[in-house]
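Here is what each chain is made of, one letter per residue.
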Amino acid sequence: MSTDHVSRTTTRQALLQAFDTLLQPQLFKDYGPNGLQVEGKPHIARIVSGVTASRALIDAAIASGADAIFVHHGLFWRGQDGRVTGWMKERLSRLLAYDINLFAYHLPLDAHAELGNNAQLGRVLGLTADARFGEQNLGCSAPASWDSGQALADHVARALGRAVTLVQPEDGLDRPVRRVAWCTGGAQGYFEPAIAAGADAFITGEISEPQAHLAREMGVSFIAAGHHATERYGTPAVAAQVAAQLGLSHEFIDIDNPA
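Residues numbered from 1 in each chain as written. Predicted model: local features only at pLDDT ≥ 70, side-chain atom pairs only at ≥ 80, totals over all residues. Heavy atoms only, no water.

A. Focus on the overall build of the protein chain. Counting its secondary structure elements, the protein chain contains 10 helices and 14 strands. Whereas a compact globule of 259 residues would reach a radius of gyration of roughly 18 Å, the protein chain reaches 19 Å, a difference of no more than 12%. Counting only C-alpha atoms, the protein chain reaches 60 × 40 × 30 Å along its principal axes. In the protein chain, which comprises 259 residues, the proportion classed as buried is 53%. Taking all contacts inside the protein chain whose residues are at least 6 apart in sequence as the whole, residues at least 24 apart take part in 69%. Per element, the accessible surface of the protein chain, about 11400 Å² overall, is 51% carbon and sulfur. (Helix = DSSP H or I, 4+ residues; strand = E, 2+ residues; numbered from the N terminus. Rg over C-alpha atoms; globule rule 2.2 N^0.38 Å. Buried < 20%, exposed > 50% of the residue type's maximum accessible area, 1.4 Å probe, protein only. Contact = heavy atoms within 4.5 Å. Areas by Shrake-Rupley, 256 points an atom, 1.4 Å probe, with all protein chains shown as cover.)

What follows is the structure, encoded as C-alpha cells:
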C-alpha cells in the first residue's frame, strides 16, 4: 500500500502532534511508551508504516527513503532489559545511522474507533462493532449470522489469507454464531469477558493453554488467527490518514510473520 501526495515536508513535532491528536495516548495505561521512540531528522516527507519495528522493516524503510517509521510494536517495553546489545543494537544503529524517526503506538492504535486494529479487522471481516468490552474497552463485538463456528473460521481464514486455529465446544454441537467478539493480537485473556458479553465466538491472534479448555466447556468457539495477521491493518490506515492530512508520502510495508 503506497500513498503519494504532492511533495511536502512537515516537522517531527507536527507529525507527533498529528498522531497524538488522532490516537489520544494519554487515555491509556500501556506496556511501553507511545509516540516518538527514536528521534531522527527534524523534517519529514516520507512515512513507512509496518506492524513491528523489526530489522527487516527498518531495512526496507531505509531502502524506501523513509524519514519516519510508524509501527504498532515499537522497540521499548515495560520490564525489558535496558541494555543496547544484540538485536536492539542492530535495530537502533540502523535508525540512528539513517536519522530515521520511529513512532510507535500500542493500545491507542488497537482502540481507535475507525482506524484502529480492532475496527480495521472488523472491516476486513465485514463486522461493525456495536459494543465494547474488556479492560480499557479494547474488545469489540457485533451481531453476526454464521451457521456455525466452523463457517466463521473458514470466513476468517479466507479474509486474512492464512490458516486459523479453531477450538469448539466439547459436546460436538457446532452452534450458530449470532454474536462475534474480537480483540486483535495477544488478547486471549479477553476470552472470558467476551463470553460474559454474550459472544458465541471470539476471534483474536493467539491462543494459550487455558482458552482451549474454556472454549470446550463454555460452548463458545475460539478462533486464533495470528498476532501479526490480525494487527496488520491499523498502522497503514492511521499513517495514510495522517500523511494525507500533512501532504506527505506514505508506504505500508508488510513483513511476513507466521505468528
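Here the narrative resumes.
B. Broad picture of helix H6 (residues 149-160). A rise of 1.5 Å per residue sets the reference length of H6, with its 12 residues, at 16 Å; its end C-alpha atoms lie 16 Å apart and thus fit the reference within 8%. Of all the residues in H6, the buried ones are Gly-149, Leu-152, Ala-153, His-155, Val-156 and Leu-160. Projected onto a plane normal to the axis of H6, the buried residues spread over an arc of 160 degrees and lie on a single side. Positioned one or two residues after H6, Gly-161 has a phi angle of 70 degrees, which is positive. (Expected span 1.5 Å × (residues − 1). Arc of directions from axis to C-beta.)

C. Representation of the environment of Ala-60. On the secondary structure map, Ala-60 appears in helix H2 (residues 55-64). Residues Ala-60 and Arg-232, spaced 172 residues apart in sequence, show a C-alpha to C-alpha distance of 16 Å.

D. Region of interest: the packing of H2 against helix H3 (residues 86-97). One way to put it is that H2 packs onto H3 with a least axis distance of 9 Å and a crossing angle of 15 degrees. Between H2 and H3, the crossing angle belongs to the class labelled roughly parallel. Seen from above, H2 lies across H3 with left-handed handedness. Seen from H2, the contacting residues are Arg-55, Ile-58, Asp-59 and Ile-62; seen from H3, they are Glu-90, Arg-91, Arg-94 and Leu-95. By residue class, the composition of the contact of H2 with H3 is three nonpolar, no polar and five charged. (Axes fitted to C-alpha atoms, helices over the stretch in contact; angles between N-to-C directions. Parallel < 35°, antiparallel > 145°, perpendicular 65-115°, else oblique. Left-handed = near helix turned anticlockwise from the far one by under 90°. Nonpolar A, V, L, I, M, F, W, Y, C, P; charged D, E, K, R; others polar.)

E. Molecular detail of the nonpolar core. Counting 21 residues, the largest nonpolar core has Leu-15, Phe-70, Phe-103 and Val-238 as the members making the most contacts within it. Residue assignment for this core shows that the elements contributing at least two residues are helix H1 (12-23), strand S6 (68-71) and helix H10 (234-246). Not counting the four nearest positions on each side in its chain, Val-238 is found in contact with Phe-19, Leu-22, Leu-23, Phe-70, Leu-109 and Leu-115. (Core = buried A, V, L, I, M, F, W, Y, C linked by side-chain atoms within 4.5 Å.)

F. Local environment of the sheet that holds strand S10 (residues 165-167). Sheet architecture is open: six strands sit in the order S8-S9-S11-S12-S13-S10, paired in mixed fashion. Both outer strands of the open sheet, strand S8 (131-133) and S10, are each paired with one neighbouring strand and no more. For this sheet, the mean inter-axis angle between neighbouring strands, taken without regard to orientation, is 25 degrees. Pairing of strand S12 (residues 201-204) with strand S13 (residues 221-224) involves four bridges; the strand directions are parallel. By the bridge assignment, Phe-202 is partnered in S13 with Phe-222. Packing of H6 onto the sheet brings it into contact with strand S9 (139-146), S10, strand S11 (177-182), S12 and S13, and relative to S13 it is tilted by some 15 degrees. (Pairing = 2+ DSSP bridges.)

G. Looking closely at unusual backbone geometry. Despite not being glycine, Gln-136 has its phi angle at roughly 55 degrees, a positive value. Looking at the secondary structure, you find Gln-136 in the loop between S8 and S9. Phi at Asn-137 is positive, roughly 55 degrees, even though this residue is not glycine. Within the secondary structure, Asn-137 is located in the loop between S8 and S9.

H. Highlighting the packing of aromatic side chains. Within the structure shown, the criterion is met by eight aromatic pairs. Arranged with centres 5.8 Å apart and planes meeting at 35 degrees, the rings of Phe-70 and Tyr-105 form a pair that is tilted. Of this pair, Phe-70 sits in strand S6 while Tyr-105 sits in the loop between strand S7 (101-104) and helix H4 (107-111), and the two are 35 residues apart along the sequence. We note that Phe-70, like Tyr-105, is buried. Taken together through their ring pairs, the aromatic side chains of Phe-19, Phe-70, Phe-103 and Tyr-105 make up a single cluster. (Phe/Tyr/Trp six-rings, centres within 6.5 Å; stacked < 30°, edge-to-face > 60°.)

Purely geometric numbers; function is a separate question.
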